[in-house]
Amino acid sequence: MTAAVADAMPVLRERGQREVFCGLTGIVWLHRKIQDAFFLVVGSRTCAHLIQSAAGVMIFAEPRFATAIIEERDLAGLADMNEELDRVVDQLLARRPDIRLLFLVGSCPSEVIKLDLGRAAARLSLRHRPAVRILSYSGSGIETTFTQGEDACLAALVPELPRQDGRSLLVVGALAEVVEDQFRRIFEDLGIGPVRFLPPRSAEDLPPVGPGTSFLLAQPFLGETARALEERGATRLEAPFPLGAEGTTGWLAAAAAAWQVEPSRFRDVISPCRERSRNALARYRAELAGKRVFFFPDSQLEVPLARFLSTELGMELVEVGTPYLHRRHLAEELALLPPGTMLSEGQHVERQLDRCRAAKPDITVCGLGLANPLEAEGLTTKWSIELVFTPIQGYEQAADLAGLFARPLRRRTALAAGGVAACS
Ligand code: SF4
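Residues numbered from 1 in each chain as written. Predicted model: local features only at pLDDT ≥ 70, side-chain atom pairs only at ≥ 80, totals over all residues. Heavy atoms only, no water.

1. Quick look at the nonpolar core
- Counting residues in hydrophobic clusters, the biggest one holds 83 residues, and the most contacted among them are Phe 39, Phe 103, Tyr 137 and Phe 405.
- Examining the composition of this core, we find that 8 residues originate from one element, helix H17 (residues 398-416), more than from any other.
- Look past the residues within four positions of Phe 39 in its chain and what remains in contact with it is Ile 27, Leu 30, His 31, Arg 64, Phe 65, Ala 66, Phe 103, Val 105, Tyr 137 and Cys 153.
- Core analysis: the next-biggest nonpolar cluster, separate from the first, contains 27 residues, Val 171, Phe 183, Val 195 and Ile 270 among them. (Core = buried A, V, L, I, M, F, W, Y, C linked by side-chain atoms within 4.5 Å. Buried < 20%, exposed > 50% of the residue type's maximum accessible area, 1.4 Å probe, protein only. Helix = DSSP H or I, 4+ residues; strand = E, 2+ residues; numbered from the N terminus. Contact = heavy atoms within 4.5 Å.)

Here it is as C-alpha cells:
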C-alpha cells in the first residue's frame, strides 16, 4: 500500500547545472567513525582542496585521509602510475602501523584516465594482508553526489563482512556514537538482538551478515549498500527513517514487528521516550508551524526531513528537492507527506532558484554555495551540510533537529529588530 502511494507520486525530474558536493566529502565523517581506517584519495589538487576545505580544522590533527595527487608525468603511462601508487601505499602503511583498513578512493581524474583502483586494491591486499585490508570505491563527482560517497564506501565493505547464519539486527548507516548508544539501549530493552552497526567503530569488528540478518537503514542514501546486503541474503525491514519522535517510533516498530515484541512491552519501553521527545518538540512547533520551507537537493535526507517538519512541526512544504529519489526505500516517508507535495529530483539550479525566489519561502535549506547569496536577497537559509554532521536521529535528538530550523528564523527576527544574534 505505502509502495503504491510512493510509486504514484509525481516528481519533477531536472537535469542541468548542479550545486552539490561530490562523494569525496563522505570521508569527513567516515574517517571519524571507523577509527582505524584510512582514506587515500587518488585524485588531483582540486580533490585535495575539497577535502581540506570540507574537513576544516581537522586537517591539523593526525589525519586519517590524504590525497595521492596525480601529476602530469603520471599521465604518461598507467603502468608507472600503478607502481607509484604501490610505493605511496607501502610508505603510508610503514609509517602508520595503526591503520587496519585502507580505502583507495576514486575521483573524477582517476576515473577519466581509467585507473583501475579495484585491481590496485586487490594487488596491494595480497601484499599487506592480514595486517591491513585494502578496498576501493569511487567518490567522484561524475558518479556520486555527497552522501552517496558513504553508500559506495559501505557497499565496498559488504563483501568483507563475515558470514553468519543466526538471527541478528544490523543498523546500516553512519550514526553519531551517542545516537548509536541510545538505540542499542532501546533495542536491548525491547529484547531485540544481537544488534550490530555498519560501519563499525573498528575494522576489527566487522558485523557478520547472512540469511538470518534483518537490517534497518538509518540513512536514506544507502541504495547500493542495501542491494549488496540483500545479495548476501539479508532482508531490509521497511520503515520510515528515525527522524523526529514519530519517525523514530516507526523505525523501532519495524524491528519490533520482525522480532514479534509484545505490543505492551513495546509501549512500556517506547512511551516515555516518545512523550519526552514530543514535549521537547512542542515549543518548536509553536515557533515553526505554518512556516514555509523549500529544500534544494543535497544529501537525500530531504524527504524524511520534510516529512518530520510537516507532520511533527506543522511546517508547509513549498518544494522538496533531492539529488536522487529511491522510491522503495522512501516509500513509508513519501506516504506520510501531505498530498500534492512538490517533489523534484536532480537539479537545474537556475530554474530552481527562479522557483524559490518566486515562492519566497520562510526558510530555504541549501548548500553553502547558495546560502549567502540567497541571504543577501532577503531569504532566510539553513545550511544543509549541518544536517549531515549533527546528531539528528532518535528521540533525544528530535528537538535539536527542530532547533536547527528554528535558529536561522530567530536570527533573522533578531537582526531585523536591530539586535545581535548567534550564527546559524
Ligand atoms: S572527485 Fe571530482 S568533483 Fe570531487 S573534488 Fe575531485 S575533481 Fe572535483
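After that view of the structure, there is still more to cover.
2. Here we look at the site of the ligand
- Residues in contact with the ligand, as listed here, are Cys 22, Leu 24, Cys 47, Leu 50, Ser 107, Cys 108, Pro 109, Ser 140 and Gly 141.
- Those elements giving two or more residues to the shell around the ligand turn out to be helix H3 (45-55) and helix H5 (108-112).
- Partitioned by chemical class, the residues of the shell around the ligand number 6 nonpolar, 3 polar and no charged. (Near = heavy atom within 4 Å. Nonpolar A, V, L, I, M, F, W, Y, C, P; charged D, E, K, R; others polar.)

3. Details of the environment of Leu 198
- In this fold, Leu 198 is placed in strand S7 (residues 195-198).
- According to the relative accessible area criterion, Leu 198 is buried, its value standing at 0%.
- Ignoring sequence-local partners within four residues, the contact set of Leu 198 consists of Leu 154, Leu 157, Val 158, Leu 161, Leu 170, Val 171, Val 172, Gly 173, Ala 174, Pro 207 and Thr 225.

4. Some points on the packing of aromatic side chains
- Going through the model one piece at a time under the given rule, you end up with 8 aromatic pairs.
- Taking the centre distance of 5.8 Å and the plane angle of 70° together, the rings of Trp 29 and Phe 389 count as edge-to-face. On the criterion of sequence distance, the pair formed by Trp 29 in helix H2 (residues 27-33) and Phe 389 in helix H16 (residues 385-389) is long-range, its members being 360 residues apart.
- Ring geometry for Phe 187 and Trp 251: centres 5.9 Å apart, planes at 50°, overall tilted. One end of the pair, Phe 187, is in helix H8 (residues 177-190); the other, Trp 251, is in helix H10 (residues 244-258), with 64 residues separating them in the sequence. Each member of the pair Phe 187 and Trp 251 is classed as buried.
- Ring-pair connections join several aromatic residues into one group, and the members of that group are Phe 21, Trp 29, Phe 146 and Phe 389.
- When the ring centre of Trp 259 is taken as reference, the NZ or CZ atom of Arg 167 above it lies at 3.9 Å. (Phe/Tyr/Trp six-rings, centres within 6.5 Å; stacked < 30°, edge-to-face > 60°. Lys NZ or Arg CZ within 6 Å of the ring centre and 35° of its normal.)

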